[in-house]
Amino acid sequence: MTTPLPSPGPAPRSLPGRRSGTLTAWLFLAPALLLFLYFKFIPMFEGLRMSFFEVRPYLGDEWVGTDNYRTILADSAFVSAMWHSTLLALGTTVGSLVLGLLLALLIEGKARYLWFVRTAAFLPVVTTMAAVAEVWRIMYHPGDTGMINTIIGWLGIGPQPFLASEDSSLLSIMGMGIWRGTPYDMMIFLAGLVGVDRTLYEAAAVDGASTWRRLRHVTLPALRPVFWILFTLAAIRGLRVFVEVYVLTNGGPDGSSEVLMTLIYKLGLQRGDLGVAAAGSIVLFVATLLLTVLVQFLRRRQPR
Amino acid sequence: MRFDSALGLEARRGPLATIAKIVLYGGMVIVFTGPLVGLLVSAFGETLDPTGFSIVPDGFTLENFFRAGEMGVYGYLLNSFVVVGFGLLLQMLVSVFAAYSLARKKFRGMSIVLLIMLATMMLPEEVIIIPLSVVLADVPPFHLDLIGSYAGMILPVGAWGFSILVMTEFMKEVPVELEEAAHIDGAGELRTFFTIILPLCRPALGVIGVFGFTMIWDQYLLPLIVATESSQWTLPIALRSLRSDEDSGIGVLLAASLLALLPSIIAFLLFQRQFMRGLTSGAIKG
């Protein structure tokens, strides 16, 4: 580029050119924005509105103020569902994180067979939840012929009721959640491990640090941001769990595994109590939001 | 000594280390693929007993798949393919259009648009499912009733913040010179878009395609609230009703579950590289 080309075009054309550029920009965006408007934002505001009304199709809605919220927060079924959701989210998240980190450390490396192990181990993540849950429901068959009972029978443990008992239904759902969540966390930890500075390992070895100390002082601090992201994502996802519970137990036996979403679904779409269900959804949303804010706050307070 | 990994396991040699590795890696593969292998084996198995689920084959028969046909499973499968086919086409088109605008244009209000995209990703679909069922029954301003129609299952998955943002990031990397050259040659906006930009985005199209596919294929609540007749069920939501069929035991359920799982597993195995890339970039960036 030695001689700049004379450009007669741009100068007079620039203003209308830019305007039409803006117009095309909005035209290209329009489909996405319209779909978001109709299927995300209108439902969101509609949900907020509904939560203050007694929703009566064909009769017109009636303003009831905060009655729906009072109804739902006083409902013992809702309170225990909130408790179950929290337990399930926490158990699944922590279980998947710890196991995922452990497995990531164990299969870190470049060998060809490790690639195979990773691909195979990752399969649970991509599989369709509804189908996987059916498989686990069959494996959890309570009698001594159930598959998992057969396996733990080899270890000398007697048959467990799993989904059939109020004491173990939630734990059994958690078990499947951990099975499905661990490989995902593992892959993200593996991606994080790639970024760890190898010279620090070398330096640690020169200083005579043991493997444990190397892990404690080099690897884990480097993984901290990954850990926070995974924790937030998994905990939020855990609060909204629906399909697993709906397919495995549908909240039973006797409400022992009822979670927020299964209860909201039953309230809204089976019992037709739309206003109360909408209030429940808003409570779920606020819980998710609070959790996000809390985690961000804790994360900021961390050194470094 | 080598410092490739935190624990340095890969470098360990000797018979004991080899045995430990075989046990560890073999155990992992069995635990994570076991239930899926069991499904594959049992779906072709002969037993009709509700506990007859095993990794060890007990015969081979296609009976379960024939019976699944009698129970309408292939109809549900077809519904699933219709929804995922049109849904994915719409989602990818919407995503590339939006991304083109976000990556290549400068206009006022762009940061607000980006904020809107992020907001939709923060808003869990479970939270809006109840009001969405109301909105779908009476879409303003035309008072359209989409409940009981495929459109009701397809349109809501048409725009997805994740694919728009992945696509936007990728399009930013496409050199501006190519676009300018096309303009100088007299190509219009749409023509430039389809003949220059889009072909260069093929790797990113793979990413949003495979993620969009699994996202739509996994939809549960949406078809559950939209389908009013059992003939409109997609395969995942039909599974639950197949449990109680007395004549065929769990055979039909297993065959149908396998059919529900296979497409996403095949998609994953075919597009593994794109999958892993999209996964890590999506998660690390939050």
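Just so we're clear, the structure is a prediction, and the values are computed from it rather than from any experiment.

**Digging into the overall build of chain A**
Tallying secondary structure elements over chain A gives twelve helices and two strands in all. Across chain A, helices and strands are ordered from the amino to the carboxyl terminus as α-β-β-α-α-α-α-α-α-α-α-α-α-α. Expected size for 304 residues packed as a compact globule is a radius of gyration near 19 Å; at 26 Å, chain A overshoots this value by more than 25%. Seen through its C-alpha atoms, chain A measures out along the principal axes to roughly 90 × 75 × 35 Å. Relative to its 304 residues, chain A shows a buried fraction of 51%. In chain A, the proportion of contacts linking residues at least 24 apart, taken out of those at least 6 apart, comes to 66%. If you average the places of the 25 positive and of the 19 negative side-chain charges in chain A, the two averages end up 16 Å apart.

**What to know about the overall build of chain B**
Looking only at helices and strands, one finds 14 helices and zero strands in chain B. Mapped from its N terminus to its C terminus, chain B presents α and β elements in the order α-α-α-α-α-α-α-α-α-α-α-α-α-α. Its C-alpha radius of gyration of 24 Å places chain B more than 25% over the 19 Å reference for a compact globule of 286 residues. Its C-alpha atoms give chain B principal-axis dimensions of roughly 70 × 70 × 35 Å. The buried share of chain B, taken over its 286 residues, is 53%. Nonlocal contacts in chain B, meaning residues at least 24 apart in sequence, comprise 69% of its contacts between residues at least 6 apart. A total of about 13100 Å² of accessible surface is found on chain B, and carbon and sulfur atoms cover 67% of it. Separation of charge centres in chain B, based on 17 positive and 23 negative side chains, amounts to 15 Å.

**Observations concerning the pattern of salt bridges**
Residues and elements named next belong to chain A. Going through the model one piece at a time under the given rule, you end up with 13 salt bridges over all chains. Put simply, Asp273 and Arg271 hold a salt bridge, and the shortest N to O gap is 3.6 Å. A relative accessible area of 29% places Asp273 in the partly exposed class. Relative accessible area serves as the criterion here: at 62%, Arg271 is assigned to the exposed category.

**Describing unusual backbone geometry**
Of note, A:Phe162 is a non-glycine position whose phi angle comes to about 50°, a positive value. The residue A:Phe162 is located in the loop between helix H6 (147–154) and helix H7 (169–194) in this model. One non-glycine residue, B:His143, adopts positive backbone phi at about 55°. Relative to the helices and strands, B:His143 is located in the loop between helix H5 (129–137) and helix H6 (150–154). Since its relative accessible area comes to 60%, B:His143 is described here as exposed.

**Considering the interface of chain B and chain A**
Taken together, the contact pairs 95 residues of chain B with 92 residues of chain A. Both faces combined, the contact of chain B with chain A buries some 8300 Å², and carbon together with sulfur accounts for 78% of it. Taken together, the links from chain B to chain A amount to two salt bridges. When the shortest N-O distance is used, the salt bridge between A:Arg240 and B:Glu126 registers 2.8 Å. The interface formed by chain B and chain A holds 13 residue pairs in polar contact (both at pLDDT 80 or more) in total. Looking at the side of chain B that touches chain A, the element that brings in the most residues is helix H1 (residues 15–43) of chain B, giving eleven residues.

**Describing the UniProt feature "transmembrane region" (unreviewed entry) in chain B**
The sites that UniProt annotates as "transmembrane region" (unreviewed entry) are residues 22–44, 76–100, 112–137, 149–171, 192–217 and 250–271 of chain B. As annotated, residues 149–171 of chain B comprises 70% helix and 0% strand, and the C-alpha atoms at either end are separated by 35 Å.

**Observations regarding helix H7 (residues 161–171) of chain B**
Counting buried residues in H7(B) gives nine out of eleven residues, a clear majority hidden from the surface. Among the residues of H7(B), those classed as buried are B:Gly161, B:Phe162, B:Ser163, B:Ile164, B:Leu165, B:Val166, B:Met167, B:Thr168 and B:Met171.

**Some thoughts on the nonpolar core**
Within soluble globular proteins, side chains that are nonpolar tend to cluster in buried spots. The biggest cluster of nonpolar side chains holds 178 residues, and the ones touching the most others in it are A:Trp136, A:Met186, A:Phe242, B:Met117, B:Met171 and B:Tyr220. Examining the composition of this core, we find that 14 residues originate from one element, helix H3 (residues 73–104) of chain B, more than from any other. Not counting chain neighbours up to four residues away, the residues in contact with B:Met171 comprise B:Val96, B:Ala99, B:Tyr100, B:Ala103, B:Arg104, B:Phe193, B:Ile197 and B:Cys201.

**Notes on the side chain of B:Ser163**
Turning to its location among the elements, B:Ser163 is positioned in helix H7. Not counting residues within four places of it along the chain, the set of residues in contact with B:Ser163 comprises B:Gln91, B:Ser95 and B:Ile208.

**Some thoughts on the packing of aromatic side chains**
Under the criterion given, the structure shown has 31 aromatic pairs over all chains. Geometrically, the ring pair formed by A:Trp26 and B:Phe107 is edge-to-face, given 5.1 Å between the ring centres and 65° between the ring planes. Of the two residues, A:Trp26 sits in helix H1 (residues 10–50) while B:Phe107 sits in the loop between H3 and helix H4 (110–122), which places them in two different chains. A:Trp26 gets classed as partly exposed once you look at its relative accessible area, which sits at 32%. Taking relative accessible area as the criterion, B:Phe107 reaches 9% and is therefore assigned buried. Between B:Trp160 and B:Phe162, the aromatic rings sit 5.0 Å apart at their centres with planes inclined by 45°, giving tilted as the arrangement. Judged by its relative accessible area of 21%, B:Trp160 is partly exposed. Ring pairs connect the aromatic residues A:Phe28, B:Phe97, B:Tyr100, B:Phe193 and B:Phe194, which therefore count as one cluster. Above the ring of A:Tyr184, the side-chain terminus of A:Arg237 is found at 5.5 Å from the ring centroid. Its guanidinium or amino end placed over the ring of A:Tyr246, B:Arg240 lies 4.0 Å from that ring's centre, counting from NZ or CZ.

**A short note on the UniProt feature "transmembrane region" (unreviewed entry) in chain A**
Residues and elements named next belong to chain A. What UniProt calls "transmembrane region" (unreviewed entry) maps, in this numbering, to residues 20–39, 87–107, 113–133, 222–243 and 274–298. The span residues 113–133 shows a helical share of 90% and a strand share of 0%, and its end C-alpha atoms are spaced 29 Å apart. From the first C-alpha to the last, residues 222–243 spans 35 Å; its make-up is 86% helix and 0% strand.

What counts as what
- Residues numbered from 1 in each chain as written.
- Chains lettered and ligands numbered in written order.
- Predicted model: local features only at pLDDT ≥ 70, side-chain atom pairs only at ≥ 80, totals over all residues.
- Heavy atoms only, no water.
- Helix = DSSP H or I, 4+ residues; strand = E, 2+ residues; numbered from the N terminus.
- Rg over C-alpha atoms; globule rule 2.2 N^0.38 Å.
- Buried < 20%, exposed > 50% of the residue type's maximum accessible area, 1.4 Å probe, protein only.
- Contact = heavy atoms within 4.5 Å.
- Lys, Arg positive; Asp, Glu negative; His and termini not counted.
- Charge placed at Lys NZ, Arg CZ, Asp CG, Glu CD.
- Areas by Shrake-Rupley, 256 points an atom, 1.4 Å probe, with all protein chains shown as cover.
- Salt bridge = Lys/Arg side-chain N within 4 Å of Asp/Glu carboxyl O.
- Buried area = accessible area lost by both parts, 1.4 Å probe.
- Polar contact = N/O pair within 3.5 Å; in protein donor to acceptor, adjacent residues only side chain to side chain.
- UniProt positions renumbered as here; feature names shortened; annotations may be inferred.
- Core = buried A, V, L, I, M, F, W, Y, C linked by side-chain atoms within 4.5 Å.
- Phe/Tyr/Trp six-rings, centres within 6.5 Å; stacked < 30°, edge-to-face > 60°.
- Lys NZ or Arg CZ within 6 Å of the ring centre and 35° of its normal.

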